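Residue-level structure breakdown
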Amino acid sequence: WISRVAFIEGLLLLLVVLALWLLVRSLDDPRAWPWLGLAVGGALVTKYSALVLIPTVLAVLWRHRPSAFRHPKFWCGVALLAAVLAPVVVYNAMLFTTRGHFDATLSSMVGLRHPDLGTDDHPYSRTLSQAVAWLRWLPQGFNLLTLGLAAVGGALLLGRRPSGAPPNRRAWVLGAYTVSTVVFLSLSPGRKQYVALLIPAVALAAAIALERLSARW
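Residues numbered from 1 in each chain as written. Predicted model: local features only at pLDDT ≥ 70, side-chain atom pairs only at ≥ 80, totals over all residues. Heavy atoms only, no water.

The subject of this paragraph is the overall build of the protein chain. Along its length, the protein chain carries nine helices and zero strands. Going residue by residue from the N terminus, the α and β elements of the protein chain occur as α-α-α-α-α-α-α-α-α. Every one of the 217 residues in the protein chain was classed for burial, and the buried ones make up 40%. Pairs at least 24 apart in sequence give 69% of the contacts found in the protein chain among residues at least 6 apart. (Helix = DSSP H or I, 4+ residues; strand = E, 2+ residues; numbered from the N terminus. Buried < 20%, exposed > 50% of the residue type's maximum accessible area, 1.4 Å probe, protein only. Contact = heavy atoms within 4.5 Å.)

The structure is reproduced here in structure tokens:
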């Protein structure tokens with residue numbers, strides 16, 4: 001999907017994985033929050049589909065570090081995120097003022113139609129009508145072995161933990177990102193490149209399965 005055609009999912013995935021790594025780091029080290037804001041902002045500037053990172057970050061911090069929302073470094077990260085996004089915001093604001101619409105992708109996402117944009121045969125939906133439209137492409141992008149390992153890794157993360165064990169941060173990060181991505185894909189046009197957003201989730205879940213299985217051998 002992302003190696004033979006001129007899509008920018010390769011750069012997007014690099015920034016998404018960096019943001020997820022910084023999110024895990026930020027749970028123990030507040031100094032990672034400004035960098036996290038830069039990573040999320042860079043991902044959003046690269047492609048709007050990185051929007052899935054916003055609910056992921058908020059859900060994980062709410063569950064594992066609620067004090068983050070009162071920490072100056074967290075708001076420093078928010079300010080850096082806003083600064084990175086400022087050119088896109090200004091551009092779309094000026095475009096809407098002069099032409100009555102946002103750029104093509106953002107207009108499609110918010111359901112705005114305009115003669116300048118032509119006809120979009122794959123508009124974003126306000127229902128979950130696309131919920132399974134992209135599912136058939138998973139075996140084309142991930143072989144069945146990888147998907148099987150990812151399913152095992154997900155099941156292991158969701159398994160019962162011993163009483164008194166600390167919360168499973170990896171499960172929350174992976175789960176929040178996966179749920180956010182699935183919801184986004186369910187509302188998105190049926191285009192193969194969008195399924196690339198699942199690469200980090202599938203790869204991380206498969207890696208967890210291999211880690212657990214190798215520890216038992």
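The rest of the description comes next.
The final tally for this structure, using the stated rule, is four aromatic pairs. Aromatic pair Trp62 and Trp172: ring centres 6.5 Å apart, planes at 55°, arrangement tilted. Placement of Trp62 in helix 3 (residues 53-64) and of Trp172 in helix 8 (residues 169-187) is noted, with a sequence separation of 110 residues between them. When its relative accessible area of 58% is taken as the criterion, Trp62 is described as exposed. Taking 5.1 Å as the distance between ring centres and 85° as the angle between the ring planes, the aromatic pair formed by Phe74 and Trp75 counts as edge-to-face. Feature note: the residues Trp33, Phe69, Phe74 and Trp75 constitute an aromatic cluster, connected by ring pairs. (Phe/Tyr/Trp six-rings, centres within 6.5 Å; stacked < 30°, edge-to-face > 60°.)

Once that is clear, we can look at the side chain of Thr56. Mapped onto the elements of the fold, Thr56 is located in helix 3. Thr56 has contacts with Leu20, Leu23, Val173, Ala176, Tyr177 and Ser180, leaving out every residue within four places of it along the chain.

This paragraph deals with the nonpolar core. Judged by nonpolar contacts, the single largest core of 44 residues is most densely connected at Leu23, Leu36, Val40, Leu53, Leu61, Tyr177 and Leu198. Taken together, the elements giving at least two residues each to this core come down to helix 1 (9-26), helix 2 (32-46), helix 3, helix 4 (72-99), helix 7 (144-158), helix 8 and helix 9 (199-216). (Core = buried A, V, L, I, M, F, W, Y, C linked by side-chain atoms within 4.5 Å.)

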